[in-house]
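Coordinate analysis (summary)
Chain residues, written in single-letter form:
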There are 4 protein chains.
Amino acid sequence: MSEQQPVGIGLVGSGFMGRCHANAFRSVSGLFDLPVTPVPVMLADATYELAEQSAHQLGYKRFTGDWTELCHDPDVDIVAVTAPNALHEPIVMEALQAGKAVYCEKPLSTTLESARRMAKAARDANALTLVGFNFLRNPLIAFAKQMVESGELGEIVNFRGRHAENYMCDPSTPHSFRTAIDGGGALADIGSHIISMARYLLGDFAAVSAQCKTIHKDRPVAPGTSELKPVEVDDITNAVISFKSGASGTIEANWAASGRTMDLSFEITGTKGAISFSQERMNELLVTSNDPKRSGFTKIESGPQHYPYGNFCPAPGHHLGFNDLKVIEVAELLQAYAHNSFCQTDFDEAVEVQRIVDAMQQSSREQAVIAI
Amino acid sequence: MSEQQPVGIGLVGSGFMGRCHANAFRSVSGLFDLPVTPVPVMLADATYELAEQSAHQLGYKRFTGDWTELCHDPDVDIVAVTAPNALHEPIVMEALQAGKAVYCEKPLSTTLESARRMAKAARDANALTLVGFNFLRNPLIAFAKQMVESGELGEIVNFRGRHAENYMCDPSTPHSFRTAIDGGGALADIGSHIISMARYLLGDFAAVSAQCKTIHKDRPVAPGTSELKPVEVDDITNAVISFKSGASGTIEANWAASGRTMDLSFEITGTKGAISFSQERMNELLVTSNDPKRSGFTKIESGPQHYPYGNFCPAPGHHLGFNDLKVIEVAELLQAYAHNSFCQTDFDEAVEVQRIVDAMQQSSREQAVIAI
Amino acid sequence: MSEQQPVGIGLVGSGFMGRCHANAFRSVSGLFDLPVTPVPVMLADATYELAEQSAHQLGYKRFTGDWTELCHDPDVDIVAVTAPNALHEPIVMEALQAGKAVYCEKPLSTTLESARRMAKAARDANALTLVGFNFLRNPLIAFAKQMVESGELGEIVNFRGRHAENYMCDPSTPHSFRTAIDGGGALADIGSHIISMARYLLGDFAAVSAQCKTIHKDRPVAPGTSELKPVEVDDITNAVISFKSGASGTIEANWAASGRTMDLSFEITGTKGAISFSQERMNELLVTSNDPKRSGFTKIESGPQHYPYGNFCPAPGHHLGFNDLKVIEVAELLQAYAHNSFCQTDFDEAVEVQRIVDAMQQSSREQAVIAI
Amino acid sequence: MSEQQPVGIGLVGSGFMGRCHANAFRSVSGLFDLPVTPVPVMLADATYELAEQSAHQLGYKRFTGDWTELCHDPDVDIVAVTAPNALHEPIVMEALQAGKAVYCEKPLSTTLESARRMAKAARDANALTLVGFNFLRNPLIAFAKQMVESGELGEIVNFRGRHAENYMCDPSTPHSFRTAIDGGGALADIGSHIISMARYLLGDFAAVSAQCKTIHKDRPVAPGTSELKPVEVDDITNAVISFKSGASGTIEANWAASGRTMDLSFEITGTKGAISFSQERMNELLVTSNDPKRSGFTKIESGPQHYPYGNFCPAPGHHLGFNDLKVIEVAELLQAYAHNSFCQTDFDEAVEVQRIVDAMQQSSREQAVIAI
Ligand SMILES: NC(=O)C1=CN([C@@H]2O[C@H](COP(=O)(O)OP(=O)(O)OC[C@H]3O[C@@H](n4cnc5c(N)ncnc54)[C@H](O)[C@@H]3O)[C@@H](O)[C@H]2O)C=CC1
Ligand SMILES: NC(=O)C1=CN([C@@H]2O[C@H](COP(=O)(O)OP(=O)(O)OC[C@H]3O[C@@H](n4cnc5c(N)ncnc54)[C@H](O)[C@@H]3O)[C@@H](O)[C@H]2O)C=CC1
Ligand SMILES: NC(=O)C1=CN([C@@H]2O[C@H](COP(=O)(O)OP(=O)(O)OC[C@H]3O[C@@H](n4cnc5c(N)ncnc54)[C@H](O)[C@@H]3O)[C@@H](O)[C@H]2O)C=CC1
Ligand SMILES: NC(=O)C1=CN([C@@H]2O[C@H](COP(=O)(O)OP(=O)(O)OC[C@H]3O[C@@H](n4cnc5c(N)ncnc54)[C@H](O)[C@@H]3O)[C@@H](O)[C@H]2O)C=CC1
């Protein structure tokens, strides 16, 4: 490991995802056989003080309260963007301009136009990009995709998808970047995960018909305040969808889903079999074929036969965790960096996801079926 | 029991549901304390021979190949209609005209107009009617309804419903009354179950936006034939729905759902809690409240605290089966008969269900949101 | 049905099991094609008044407060014994003496000697006998047995069995016949179910090593009393067991199992596969083979391919309930009656079960391994 | 982090567990706020070449084919022992002699005498020790322990424990250190996990009665050979156990458990409630109280309220994985190292576990109940 080519990491933001990125960059070299080694170079946060404290804790020697500095630092090769959504575009644009590879959290941006600008800038800069749709990195999801593509499920006819969590159930949970007027909402925040999953597994969408609802019309402007501000984004979106392949289905994005902490789930129905999955049990995939004798679902547990599970553990049934998905994502990023190739969920893919988010919002506003 | 007032039963049809009705009428008096006793009087089937054989087996002393005879028999008080859908209207009309109470299998009819004619005739005749939406008779469903109505789940904001089975997965499964052009299809056949469930639990619908799809475009005209005929009904319908209460949600009706034998399931999301249920595990109800300390779902097992489970068994956890639901339905019918009252899922209710089926079909044809 | 040979039923007791027997005899002819028809003849209960009331409700025209009268009634062909355990022997002996077939609830008796006397009397009388180990009648259990016998699981090496319920959790639950000093206890009451299951599936036991524990040392003498009496039977028994086949395992009988209402469960481990079952989900059997590619458990749902499920319902996934198991048991009884054959769980089998209960109690007293 | 006191790590072995230790030491500082920072110093393996390759991959600058060198290296503060069981004693003794803290994989040793020698040497050296019973580090297990100790489950009356995996199902799986004659076997290998769990949750054992069985009497001497050697250790052990507290129960250790990859599971029954857990779903704890209205099990999902889950992720339901347990273990080790305190699963605790393993083996040999 020690002699690998070092790759300088610049980390912007050190909250939930910032820490998760830092941990992934730290762990990846011991778990994956990579041609390059990530080196923590600089951390940027909202203020110098925040940056200092996090840098200290996460092992970054240098830090800054100004992400433009980080974007232009010559030792930084990859800029990892984990700041709030509204900052994605300015940071990404700066990083691209400085010739960096960019690893940006989802959703890439808050509007389709913004996402398109970023994707164009990346293409123009010929830059490596990756957007953090980490749930796609589950080895069992790759296995599901293989099953779909192998034809063993027959023709795929239905996709029943959902991303439901409960973190906005409580009306006293205040506004945050997630409820910002242009581009927040359950659909953008977590709907983007299940949409990216649907695209990964079944390909391009053809049309959507959606209904976006705001459950709690007002929320406190900030934690601990009684002052309320109207909410203008959706808490729940339900949609009927269709794919170019001919399959149909539904998608639900719901961040007010009482009792659900991580129900990113789907059932794929084929004419010869089916797959059922929920991130609530991320190490299990339920599969079935229409064998008349034993038609029930079989619970496949993740194991070394599902690459790259074996990089984490040689024995089956030991379970990957959420943070391990981010390690796999980072391994994919570094492999693409080393080989000058590209990542599956790059900015262009993120634009496709955003197009669907956009179309669902439009469908709800216009009460119409929208072609993609 | 022996001294109770006898009520004469005339049973039309003796297939899947006919046998199930016969069993329910036979069992109910030993399990429920009823003011009346059902007496098997006459059985009608498609032919005299079929009727004879079934009557013999199911304990009906008289039988006929002509249901008009049965409808007018003076000893018959209640006509139970378990013939194919297209026969519901003529049989029901005849029975009502003869002044009988009518117990008809779902769906009441194959078109909204037909259902409305039947409901009107019943009102004109002042007749007791019941349509066999038996899944509503599960004691745990009554318990779920109580929870919804008690307000302990807060405001209900979402309903995620589905009825998925796999009996039409196979393209070589031939046409039957279920695929008849006017009114068959997955939506009418099993979608009606989940729609009636949604109405029972959350009340009137406000609007629907649906997509009906035919997976297998042709099926054999009859079992064992190679001659194919086009299928003109849906195999899968997906819909976004909204309720008058303001709740939204989705419904899926799918009879080509590989791996599913009885996924009549729903999740009801309230602002303070949630309920999750699948008929696949009909003796379990998952409930949760947004208690921060223990927010997970609790598996409530059916027991004597859930009326009328205790009529079947004094100990919890012993499980009701599908046929027991029909016994409960028949108990409700006989109680209403004795008390001159009415049943919750009468013809008027069945018309409401049919209106929604109809609106979904229209929505799919016109690619539009349809108000109910 | 009406022309079948009638078989007169005499029912002793009309509590939990009495009602269940009555329901089964009432339903069975419409569900099974039997050469004989059960006819309710007479009901006996502890008093004339109790008997009158129950007879009325359950459709028995004649009744008595004296079971000897019932045993000798010429119209009674089969005596069904659902009285408390301590009465099993006197009633059964009387019935056998009167030349009747005997259908007795489990456990056959409260001591091994008593059970042996009853079995001998039955053999001497050449009488048909059946003991109500109804859980063995689940179609999925027959399917499990087929799997075991077919060899597809390889050599069976382990049996992990349990019958756990919570009905005696509460120390204020009073004494009843179930806690009677000679022969009550969790082991006799519900341990007998899982022992009969183990024998049905894997054959004869070779040795046991058990520990019987009394959790609540005193209980009220009767409901609503504060007067306490010591409990001298076990609340929980744990045992290591071995089979003549060489397999080993454990058995737990526990009627103070908080949170469990019907965990009659087992896992059978073979060298090539395994089966896992719990009565908590009595319509599901989990099976697996050591196929390296898909080694997880497959959930097999009960359906018409599992005889005699199809007698209740032609479609899979509709669920049998507890009472349906008793109907199957009664069908087996009547078939044996008509064909002059015998039942699998006859008195001799019940003696074998009782031998193991006895050996476990002895093992616990003597702190020793006891050979069977 | 950078200014923390460095602690030198010497890693012996780099197989399954060696890699897992290395990963944990690498990750821990970014996830836990520790007063010390682990620094990878030296790696020892069976040969110089193996050590070189692994050191390179895992980020250890120095390496050796001789663990004595590592034990005496002045920069090494903690020796982590992940070599095969038979090497634990010599390596540990050398490390203790050299004044190091020792972090040894389970089982501490292969015989009770050996384990006692090691524990005595550690006490004499006043050394910090930790044995890798990592499953105890699951935040939900700490939560379960709190529930047990809080009294909310009432008196604990039963423990139904199991560790079942399938990695030795196949008779062609060859011998390894796990099947070595003195101290191998399923009981020592994985039984030690469930025994340590039982002790952690319910305290000292009082007596055991066990049966050890060898399923496959011969195995290949090495991978790819046809030469067979007898197996002299158990594949399956079943035991009845009792605790000093008065609770009873069973334990099964089974490495030939077809269909099971990680069924380290238990059910704890108290007089007022119960807990059920399986490592197969390590992020879920099922708990219940004997509340008559809602007596079912509630699925508690791991979240930040269960320390130290929040160190990995601020949001609930995101799942820890197996490797995260090792990170928590290493955090405990480093905290004890920094604060000069001790670890819960130190060598003395490992001796207690080994005593029970030993007693079970003796019980099986002598067919007797053995007091602990
Ligand atoms: N892939 C996934 O599963 C998840 C992705 N996300 C995404 O990650 C992003 C961040 O979300 P969280 O980490 O949950 O938010 P967070 O609020 O926990 O962290 C945001 C971080 O950005 C920093 N920040 C704010 N202003 C800044 C500025 N001007 N310059 C530099 N740093 C600044 C904050 O101080 C904080 O450290 C969002 O885009 C979100 O959608 C979040 C959670 C899960
Ligand atoms: N509530 C529920 O869960 C279910 C309801 N159903 C409903 O029950 C009805 C019957 O369905 P199945 O029993 O499955 O069909 P089936 O095909 O098993 O039985 C239909 C019966 O009607 C008889 N029949 C046909 N023509 C007749 C005539 N001219 N006169 C008298 N009898 C005639 C047939 O001979 C047969 O006995 C349908 O409306 C269906 O939608 C069916 C299954 C489940
Ligand atoms: N197979 C199974 O799953 C089950 C079997 N059982 C067994 O069934 C038997 C009865 O138990 P339960 O029905 O639960 O008890 P229960 O207390 O509900 O009913 C007992 C009945 O026997 C009657 N009885 C008492 N003394 C009598 C006498 N001298 N003559 C006639 N009748 C008399 C009682 O009045 C009552 O009707 C027991 O042997 C029990 O072990 C009970 C429950 C489940
Ligand atoms: N805590 C847990 O959950 C687990 C614990 N273990 C324990 O970890 C230990 C190792 O097991 P695994 O990693 O599975 O075995 P392994 O066979 O994968 O690794 C053993 C390592 O020790 C090395 N080794 C052998 N001889 C050596 C020598 N003379 N000097 C230095 N290194 C030597 C081998 O080359 C190899 O790198 C065992 O004690 C086992 O019981 C194993 C798996 C899981």
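All chains use their own residue numbering, which begins from 1 and follows the written sequence. Chains and ligands are labelled sequentially in the order written, the chains with letters from A and the ligands with numbers from 1. Where local features are concerned, this predicted model is filtered to residues with pLDDT of at least 70; where side-chain atom pairs are given and counted, the filter is 80 or more; whole-chain, interface and lining totals use all residues. Each side-chain value is derived from all of the structure's non-hydrogen atoms; neither hydrogens nor water enter the calculation.

Residue and element names in this part refer to chain D. Within the structure, ligand 4 sits among 26 residues, and D45, N85, E105, K106 and N134 are positioned closest to it. Contact between ligand 4 and F16: an oxygen atom at 3.1 Å from a main-chain N or O atom of the residue. The side chain of E105 places a nitrogen or oxygen atom 2.9 Å from a nitrogen atom of ligand 4. Contact with the protein chains hides 82% of the accessible area of ligand 4, taken as 840 Å² for the molecule alone. Secondary-structure elements contributing two or more residues to the shell around ligand 4 are α1 (16–31), α4 (85–97), α7 (185–202) and α9 (322–339). Each helix is a run of DSSP H or I of at least 4 residues and each strand a run of E of at least 2, with the numbering of both proceeding from the N terminus. Looking at the shell around ligand 4 element by element, the count peaks at three residues for α4. Asp, Glu, Lys and Arg are counted as charged, while Ala, Val, Leu, Ile, Met, Phe, Trp, Tyr, Cys and Pro are counted as nonpolar; the rest, among them Gly, fall into the polar class. Here the residues of the shell around ligand 4 are counted per class, giving eleven nonpolar, nine polar and six charged. Each domain's extent was defined by an automatic or database domain assignment. Mapped onto the domain boundaries, the shell around ligand 4 takes at least three residues apiece from domain 1 (5–134) and domain 2 (138–313 + 348–371). Any residue with a heavy atom positioned within 4 Å of a molecule or strand is treated as near that molecule or strand. In the analysis that follows, any N or O atom pair within 3.5 Å is treated as a polar contact, provided that within protein one partner can donate a hydrogen and the other can accept it, and provided that, for residues neighboring in sequence, both atoms belong to side chains. Residue-level accessible areas treat just the shown protein chains as cover; the underlying method is Shrake-Rupley with a 1.4 Å probe.

Residue and element names in this part refer to chain C. Among the structural elements, R123 can be located in helix α5 (residues 112–125). Three exposure classes are used, based on accessible area relative to the maximum for each residue type with a 1.4 Å probe and protein chains only: buried under 20%, partly exposed in between, and exposed over 50%. Given the relative accessible area of 49%, R123 is considered partly exposed. Residues R123 and D348, 225 residues apart in the sequence, show an inter-C-alpha distance of 8.8 Å.

All names here are of chain A. Here six strands make up an open sheet; going across it, the order is β3-β2-β1-β4-β5-β6 and the pairing parallel. Since the sheet does not close on itself, it has two edges, and those belong to β3 (62–64) and β6 (129–131), each with one partner. On average, each strand axis in the sheet is tilted by 25 degrees relative to the strand beside it, whichever way the strands run. Examined bridge by bridge, strand β5 (residues 101–104) and β6 share three bridges and lie parallel to one another. Residue pairing across strands places V102 opposite T129, the latter belonging to β6. For two strands to be treated as a pair, DSSP must find no fewer than two bridges joining them. Note on method: axes are straight lines fitted to C-alpha atoms, helices fitted across the in-contact stretch only, with angles between N-to-C directions ranging 0 to 180 degrees.

With that settled, consider the sheet that holds strand β1 (residues 5–12) of chain C. All names here are of chain C. Spatially, six strands are ordered β3-β2-β1-β4-β5-β6 in an open sheet, and the strand pairing comes out parallel. What marks the edges here is a single partner per strand, and that holds for β3 (62–64) and β6 (129–131). In this sheet, neighbouring strand axes are inclined to one another by 25 degrees on average, regardless of whether the strands run parallel or antiparallel. Pairing of strand β4 (residues 78–81) with strand β5 (residues 101–104), which is carried by four bridges, proceeds in the parallel orientation. Across the sheet, residue A80 finds its bridge partner in β5, namely Y103. Residue contacts are counted whenever heavy atoms from the two residues lie within 4.5 Å of one another. In the packing of helix α2 (residues 48–58) onto the sheet, the strands contacted are β1, β2 (36–44) and β3, and the crossing angle to β3 comes to about 155 degrees.

Let us look at the domain arrangement of chain A. All names here are of chain A. Per the domain assignment, the segments of chain A are domain 1 (5–134) and domain 2 (138–314 + 347–371). With centres defined by C-alpha atoms, the gap from domain 1 to domain 2 works out at 26 Å. Of the residues lining the interface, 27 residues belong to domain 1; the matching set on domain 2 comes to 21 residues. A 1.4 Å probe defines the accessible area here, and the buried area is the portion of it lost by two parts on being joined, summed over both. Counting each side, the surface lost to burial between domain 1 and domain 2 is near 2,000 Å², with a carbon and sulfur contribution of 66%.

Every contact between the two is made by 43 residues of chain D and, on the other side, 43 residues of chain C. Buried surface at the junction of chain D and chain C, both sides included, amounts to about 3,300 Å², of which 46% is carbon and sulfur. Ranking the residues of chain D by area buried against chain C places R160, V240 and S258 of chain D at the top, with a combined share of 19%. Any carboxyl oxygen of Asp or Glu that lies within 4 Å of a side-chain nitrogen of Lys or Arg is treated as forming a salt bridge with it. Viewed at the interface, chain C and chain D are joined by six salt bridges. The salt bridge involving E267 of chain D is made with R162 of chain C; its shortest N-O contact spans 3.2 Å.

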